[in-house]
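# Remarks on the overall topology
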Amino acid sequence: CRALHLLEEKLSCSSNRVPGFSGCCAVGKVELPLFPNPPELIWDLFTGDSRESTHFRQRIRSYNNVLSLTSLGTTETPYRQNDGGVYSFRIKGALYHNHGPLLPIDGERPKFAQIYVHDSRDLDAQVSHRMNVFQDNSLDQTILSTLTQLLQQCNWLVQTYETAGETLRSNPQLPVTLQLKVLNPRDKDPRTYNVPTADEIGILIVGSGDEEFDKRDIIIRARSGENEYQGLTRISEINHYYLALQYVLLLPQGALGWRIDIPLRGNVEAGLTDRRELLAQQRQDNPTTARGGSKHVSLAMWHSFHLFER
């Protein structure tokens, strides 16, 4: 897979002349599409030595947070840090990603994905909402404006949400639902394909609001219920939108993440397994480590493959 290694990382059963490695691709069993190269502008911010690039890297988490489509939360209250020193983010419980309704509650400012919907195609309004997130003026308005415009051009998820905003604005009373569908492995092989288009996966449905959907898909209603938290949708870590919705600057084109039905190399039939059979197998095997003779790429394998430099 052309991953870069130190010689000391080779398998003990291989020689120095012909070293073998397993940490990156399990000796060729893991075959995945590489993430597309980021747009030149983002790459310059990540690697450049200009004042703007330095500022961006120092505040990269803040920029990503104000541009992301989901919010990060914990199952229990985070620990408070009262001891001074270097800041560290400590939590109790588990991390999760939440997605709110497409539109904010009346009287509240839009946030996260709602900004793309509420102010679709209005660049200045989107930037204004995001600049107000931090009261210390720690973000550069020019950089934020450029990043917002870039995501509008290259991120299919952002484009899908802005299309939803245009639909709602033309008739604000429509019961609109946004459906992010799971890719069908019979149509798209997840070993060679990970950047869909809005037309392939993002579906806007105008109806009664009571339609039935595939439980695997992410369903986002236009409005929440009477309870402020009724409209929140928790995104599972095994959903292949999990990373793209949260880390928009790492995956600016909206590349999809891990899914449970990615077959290991040489197991073509595994990608076409009936969903019920696959889930039955996953109950016996560990889907995150692929132990127990699984024929599919585990979550740990997926991350290991992508973390290696090539």
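In this text, all values refer to a predicted model and were calculated from it rather than measured experimentally.

Check the secondary structure of the protein and you find 11 helices and 6 strands. Burial analysis of the protein (310 residues in total) assigns 43% to the buried set. In the protein, once contacts between residues fewer than 6 apart in sequence are set aside, the share between residues at least 24 apart is 66%. Summing over all exposed atoms, the protein offers an accessible surface of approximately 17500 Å²; the carbon and sulfur share of this is 49%.

For helix H3 (residues 60–67), the set of buried residues is Ser 62, Tyr 63, Asn 64, Val 66 and Leu 67. The inward-facing, buried residues of H3 abut helix H2 (51–58), helix H4 (113–118), helix H5 (123–131), helix H6 (141–154) and helix H9 (242–246).

A positive phi angle, near 55 degrees, is found at Ala 26, a position not held by glycine. By secondary structure assignment, the location of Ala 26 is in the segment before helix H1 (40–47). Here Ala 26 falls in the buried class, since its relative accessible area comes to 19%. Within the chain, Phe 112 stands out as a residue other than glycine whose phi angle is a positive 50 degrees. Within the secondary structure, Phe 112 is located in the loop between strand E2 (95–99) and H4.

Summed over all chains, the structure comprises 3 salt bridges. Note that Glu 52 is salt-bridged to Arg 51, the shortest N-O span being 3.4 Å. In this structure Glu 52 comes out as partly exposed when scored by relative accessible area, which is 34%. With relative accessibility at 54%, the residue Arg 51 sits in the exposed group. With its nearest N and O atoms 3.6 Å apart, the salt bridge here joins Asp 140 to Arg 51.

Thresholds applied
Counting starts from 1 at the beginning of each chain's written sequence and moves along it residue by residue. The predicted nature of this model means local features are confined to residues of pLDDT at least 70 and side-chain atom pairs, given and counted, to a pLDDT of 80 or more, with totals for whole chains, interfaces and linings taken over all residues. Based on all heavy atoms of the structure, the side-chain values leave hydrogens and waters out of the count. Counting from the N terminus, the helices are the DSSP runs of H or I reaching at least four residues and the strands are the DSSP runs of E reaching at least two. A 1.4 Å probe rolled over the protein chains alone gives each residue an accessible area, and that area as a share of the maximum for its type sets the label: buried under 20%, exposed over 50%, partly exposed in between. Here, two residues are considered to be in contact whenever any of their heavy atoms come within 4.5 Å of each other. Residue burial considers only the protein chains on display, and all accessible areas are found by Shrake-Rupley using a 1.4 Å probe. Salt bridges are defined by distance alone: a side-chain nitrogen of Lys or Arg within 4 Å of a carboxyl oxygen of Asp or Glu.

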